[in-house]
Amino acid sequence: MTRHDHYAYDNDHPAAPNQLASLAALLDDVTIGRLAHLDLRGRRCLEIGAGGSAVPAWLAEEVGPGGHVFATDIRPAFIPRHPRLTALAHDIATDPVPKPPYDLIHARLVLMHLPQRERILARLADALTPGGVLCVEDWAIQPDTAVIDAPTTGARTLFAVYQHAVARDILAAAGTDLTWAVRIHPAMRAAGLRDLDTAIHTPVWYAGSPGLALVSVNIAQHRDRLTTGALTDTDLDEIARLATDPASGLVVRGHLLYSTIGRRD
Ligand SMILES: C[S@@+](CC[C@H](N)C(=O)[O-])C[C@H]1O[C@@H](n2cnc3c(N)ncnc32)[C@H](O)[C@@H]1O
């Protein structure tokens, strides 16, 4: 077993900039909306598995002089730069939480990918200051009935087959838990956190928008796996066209983002 073998994607892949920019475009405003009520001036914050999100840079502005933000990733090349932001190459599945304690810890679309997610969550809770806040956000991936509209019945069926193949052959096969998101709230309660607050963001993704740009990323990174079952290379090219051509008519219910905030006593 090698390190990092439970993450389905790779920030060194040529498609990674598109993936991480799409995630930031989809989710950064949602996350910032969840955290904006916190008074973070002078605080220490930790972002886990930051990818290319602008959230750590936003936190670095919020903490102001006297505060600091640490942002980790197994492949940290896309973490933004800021004078109050330190990027760390770090594996949260195997390494101790770096430089605790923290007033805020945030992890988005990371724990769902890591089989040790419950143990990691407990370690993150332990790394909080008294009164410190943990925010965990992950997608619940439910491929059934996700296609809202498509130009033809054939296109609807093709896209549904693709979505099931991604869920099964890319994500679940790599250890991603597609339903973990619905268990974040009780897992945070079990970790001893209080004042739990869960919100669910339900987006709709239109052809050509950042949510459906992730289809090209999946096909670029995992074409081989996607063609082991019912899909051919020609199918994948058509699926990519349906997803990225703004005129294709494809409309999909995006993944549900479960966002839970809890506080340590
Ligand atoms: C799906 S991306 C999400 C990126 C960012 N959090 C966002 O929501 O836009 C998952 C990120 O977690 C990182 N990652 C995966 N396994 C990790 C681990 N064991 N420790 C730290 N980071 C990890 C990946 O390299 C990637 O940047």
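Residues numbered from 1 in each chain as written. Predicted model: local features only at pLDDT ≥ 70, side-chain atom pairs only at ≥ 80, totals over all residues. Heavy atoms only, no water.

1. Regarding the overall build of the protein chain
Now for step 1: When helices and strands are counted, the protein chain shows seven helices and 10 strands.
Now for step 2: C-alpha atoms of the protein chain, sized along the principal axes, occupy 55 × 40 × 35 Å.
Now for step 3: Residue burial in the protein chain is summarised as follows: out of 265 residues, 54% are buried.
Now for step 4: Pairs at least 24 apart in sequence give 76% of the contacts found in the protein chain among residues at least 6 apart.
Now for step 5: Measuring between centres, the 24 positive side-chain charges of the protein chain sit 6 Å from its 30 negative side-chain charges. (Helix = DSSP H or I, 4+ residues; strand = E, 2+ residues; numbered from the N terminus. Buried < 20%, exposed > 50% of the residue type's maximum accessible area, 1.4 Å probe, protein only. Contact = heavy atoms within 4.5 Å. Lys, Arg positive; Asp, Glu negative; His and termini not counted. Charge placed at Lys NZ, Arg CZ, Asp CG, Glu CD.)

2. With respect to the site of the ligand
Now for step 1: The immediate surroundings of the ligand are formed by 18 residues, with Asn 11, Gly 49, Asp 73, Asp 91 and Arg 108 found nearest.
Now for step 2: A distance of 2.7 Å separates a nitrogen atom of the ligand from a polar backbone atom of Gly 49.
Now for step 3: Take Asp 91: an N or O atom from its side chain is 2.7 Å from a nitrogen atom of the ligand.
Now for step 4: Look at the ligand: alone it shows 600 Å² of surface, and the protein chains cover 98% of it.
Now for step 5: Partitioned by chemical class, the residues of the shell around the ligand number nine nonpolar, six polar and three charged. (Near = heavy atom within 4 Å. Polar contact = N/O pair within 3.5 Å; in protein donor to acceptor, adjacent residues only side chain to side chain. Areas by Shrake-Rupley, 256 points an atom, 1.4 Å probe, with all protein chains shown as cover. Nonpolar A, V, L, I, M, F, W, Y, C, P; charged D, E, K, R; others polar.)

3. Description of helix H7 (residues 233-244)
Now for step 1: Compared with the 16 Å implied by 1.5 Å per residue over 12 residues, the 17 Å span of H7 between its first and last C-alpha is a close match.
Now for step 2: Among the residues making up H7, those that are buried are Leu 236, Ile 239, Ala 240, Leu 242 and Ala 243. Projected down its long axis, H7 shows its buried positions confined to an angular sector of 160°, all on one face.
Now for step 3: Contacts from the buried residues of H7 go to helix H4 (153-171) and helix H6 (210-226). (Expected span 1.5 Å × (residues − 1). Arc of directions from axis to C-beta.)

4. Here we look at the sheet that holds strand E4 (residues 102-108)
Now for step 1: Here we have seven strands laid out as an open sheet, ordered E3-E2-E1-E4-E5-E10-E7, and mixed in their pairing. Sheet topology places strand E3 (85-89) and strand E7 (194-201) at the edges, where each strand pairs with a single neighbour. Pairwise comparison of adjacent strand axes, ignoring direction, gives a mean angle of 15° for this sheet.
Now for step 2: Bridge analysis of strand E1 (residues 44-48) against strand E2 (residues 68-73) gives four bridges, and the strand direction is parallel. Bridge pairing in E2 links Leu 46 to Phe 70.
Now for step 3: Packed on one face of the sheet, helix H2 (residues 55-63) meets E1, E2, E3 and E4 and runs near 165° to E2. (Pairing = 2+ DSSP bridges. Axes fitted to C-alpha atoms, helices over the stretch in contact; angles between N-to-C directions.)

5. As for the pattern of salt bridges
Now for step 1: By the definition in use, this model includes 16 salt bridges.
Now for step 2: A salt bridge links Arg 194 to Asp 265, with the nearest nitrogen and oxygen atoms 2.1 Å apart. Separated by 71 residues along the polypeptide, Arg 194 in strand E7 and Asp 265 in the segment after strand E10 (256-263) bring together distant segments of the chain.
Now for step 3: Classification of Asp 265 as exposed rests on a relative accessible area of 59%.
Now for step 4: A salt bridge links Asp 245 to Arg 241, with the shortest nitrogen-to-oxygen separation between them at 3.5 Å.
Now for step 5: Since its relative accessible area comes to 27%, Asp 245 is described here as partly exposed.
Now for step 6: Taken together, the shared-partner salt bridges connect Asp 10, Asp 12 and Arg 75 into one network. (Salt bridge = Lys/Arg side-chain N within 4 Å of Asp/Glu carboxyl O.)

Distances and angles like these do not, on their own, reveal function.
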